[in-house]
Amino acid sequence: MTLKRVVVTGLGALTPIGNDVPTFWNNLSAGVSGAGPITKFDASKFRTRFACEVKGLDVTQFIPRQEARKMDAFTHYALIATDEAIKDSGMDLEKVDRNKVGVIWGSGIGGLKSFEDEMIDYAKGDGTPRINPFFIVRMIADSASGQISMRYGFRGPNYVTVSACASTNNGIIDAFNYIRLGRMIMCVVGGSEAAVTRAGIGGFNANRALSERNDSPETASRPYDKERDGFVMGEGAGSLILEEYEHAKARGAKIYAELIGGGMSSDAYHITAPHPEGLGAYLAMKDALDDAGIDPSEIDYINTHGTSTPVGDPQELKAIHQLFGDHSFKINISSTKSMTGHLLGAAGAVEAIASIKALENQIVPPTINLFNVDEEIDSRFNLTPLKAQTRSLTTVMSNAFGFGGHNAIVIFRKLS
Amino acid sequence: MSEIAQKVKNIIVEKLGVEESEVTPEASFTNDLGADSLDTVELIMEFEKEFNISIPDDQAENIGTVGQAISYLEENAGK
């Protein structure tokens, strides 16, 4: 059978550097950092006391208070970003066959704060369990996709993918497959995370994954810099509308880009450390190129996973060099986590949006805070340091890797 | 209004997001105040916490209106 083509027709973003896509993109291309002191809890006793938080958000502007209180913040973020994506797509909810619209969302953790709050409350009592009846539904990761479906009446396939920081890309690839097989006409994909909490910061501090540059939060996320010391926790959501190409064309939708390939692999190596030679990353990128049926030389930009951890960054570049050879040095590479922080399960979502906006604007967003490239990294790479670069872009790749050794890669192309 | 009745009303207003004027003794949680089954469980739990009592399931089943909640709590709270 002939596979159908899949395009992106709507975008929504709620991020540490902008609560909608236009603001997000303006700040991303201008090199603005979203980091600052943690305001969500008293972090004074934590090793890391800063993060990239979502700012200035009044949830009740989007979700009635009575509904909102039955959801965790990661679900608020999911709904708010999806509202923007659906509006942006111009879909007419009365006309579209909503039985054929799915929701495949990504979250690395789910309702972490809801879990913490309830258990802390329980621990303060005498042991009598008085667990709130909304506790489970606030906490479980799939409540985000469930709430999106209820808000819009989307009755197609509905679930959440969980593969740590690769979660959203796994969801995008699933939706890609269902749509190209003709099993759906549209799908809301994306991811959300709200882990700037005591357990989130404390937990990632404990495995020494977070930057501890407390005296300069805005320069702490510095992928590829020789003085990088860990990632900066981000939070928020990204939402994309994937749509079967003929369906999008027939309704006259604005088409941002075509999704042409998805690749997946596992490191099968270590629960947190990436494979030292970047084997899993190599396999996933190769799988994505093969799926797209394109030559490595066609890739113009890679939005890397590049988290700013000492061990992770060089391995990904080694894998890129191995796969792309000399073309590696012609590609623009950047890690937008230098600005947004690391949104964990939602990272793939905001980075897919960053990649698509890069295509749309023919601008590569920068890797900020890259003052001195690590000597371990080949100096011939164009890591798009400090400032955005303008160039002709046709095909872009977005990488996501997760604890557990999960790797998931997506490739977007300007519609020809 | 008794102190208990006022506290009950406050909890209902807070948890169900309704106006205090709607919280009349005859008002049914599910039919009049928009509660679903989970909301009702939450209300009972909030009453238990507020008045530091335990309401057995078979008695909780009989608390379906504001008035029924107030009378039950006036009879059983603080004992």
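Residues numbered from 1 in each chain as written. Chains lettered and ligands numbered in written order. Predicted model: local features only at pLDDT ≥ 70, side-chain atom pairs only at ≥ 80, totals over all residues. Heavy atoms only, no water.

Under an unreviewed UniProt entry, chain B has the name Acyl carrier protein and belongs to Spirosoma terrae. We quote the UniProt Sequence similarities (unreviewed entry) comment for chain B here in full: "Belongs to the acyl carrier protein (ACP) family." Under Subcellular location (unreviewed entry), UniProt gives the following word-for-word description of chain B: "Cytoplasm". (UniProt positions renumbered as here; feature names shortened; annotations may be inferred.)

In the nomenclature of an unreviewed UniProt entry, chain A corresponds to 3-oxoacyl-[acyl-carrier-protein] synthase 2 from the organism Spirosoma terrae. In the Sequence similarities (unreviewed entry) part of its UniProt record, chain A is described as follows: "Belongs to the thiolase-like superfamily. Beta-ketoacyl-ACP synthases family."

A.B. asks: Looking at this structure, I do not really get the interface of chain B and chain A. What am I missing?
C.D. replies: In many reports, interface size means the accessible area that the parts give up when they come together. At the junction of the two partners, chain B supplies 16 residues and chain A supplies ten residues. Between chain B and chain A lies a buried interface of about 1000 Å² when both sides are counted; carbon and sulfur atoms form 46% of it. At the boundary of chain B and chain A, one finds three salt bridges. A salt bridge links Asp121 of chain A to Lys49 of chain B; its shortest N-O distance comes to 3.5 Å. Here chain B and chain A share seven residue pairs in polar contact (both at pLDDT 80 or more) between them. Where the side of chain B that touches chain A is concerned, the elements lending two or more residues are helix 1 (3–16) and helix 2 (37–51) of chain B. In terms of residue count, the dominant contributor to the side of chain B that touches chain A is helix 2 of chain B (eight residues). Grouping the amino acids of the side of chain B that touches chain A by side-chain chemistry returns six nonpolar, three polar and seven charged. (Contact = heavy atoms within 4.5 Å. Buried area = accessible area lost by both parts, 1.4 Å probe. Salt bridge = Lys/Arg side-chain N within 4 Å of Asp/Glu carboxyl O. Polar contact = N/O pair within 3.5 Å; in protein donor to acceptor, adjacent residues only side chain to side chain. Helix = DSSP H or I, 4+ residues; strand = E, 2+ residues; numbered from the N terminus. Nonpolar A, V, L, I, M, F, W, Y, C, P; charged D, E, K, R; others polar.)

A.B. asks: Sorry if this is basic, but what is going on with the side chain of Gln66 of chain A here?
C.D. replies: As for its position among the elements, Gln66 of chain A is in helix 2 (residues 65–68). In this structure the side chain of Gln66 of chain A is engaged in a polar contact, spanning 2.9 Å, whose partner is the side chain of Arg65 of chain A. Apart from the residues within four sequence positions on either side, Gln66 of chain A is in contact with Glu14, Lys15, Leu16 and Gly17 of chain B.

A.B. asks: Is there a simple way to think about the nonpolar core in this case?
C.D. replies: Residues and elements named next belong to chain A. Counting residues in hydrophobic clusters, the biggest one holds 43 residues, and the most contacted among them are Val8, Leu11, Phe24, Leu240, Leu242, Ile356 and Phe412. By residue number, the principal contributor to this core is helix 13 (residues 347–361), which donates seven residues. When near neighbours in sequence (up to four residues on either side) are disregarded, Phe412 contacts Val8, Ala257, Glu258, Leu259, Ala352, Ile356, Leu359, Thr394, Thr395 and Val396. Listed in part, the 31 residues of the second largest apolar core include Ile80, Ile86, Val96 and Val101. (Core = buried A, V, L, I, M, F, W, Y, C linked by side-chain atoms within 4.5 Å. Buried < 20%, exposed > 50% of the residue type's maximum accessible area, 1.4 Å probe, protein only.)

A.B. asks: Would you mind showing me how to read the pattern of salt bridges here?
C.D. replies: Residue and element names in this part refer to chain A. Applying the stated criterion across every chain yields a total of 28 salt bridges over all chains. Residues Lys254 and Asp88 are paired through a salt bridge, measuring 2.8 Å at the closest nitrogen-oxygen approach. Of the two residues, Lys254 is situated in the loop between helix 9 (245–250) and strand 8 (257–266) and Asp88 in helix 3 (residues 73–89); the sequence distance between them amounts to 166 residues. Using a relative accessible area of 41% as the deciding quantity, one classes Lys254 as partly exposed.

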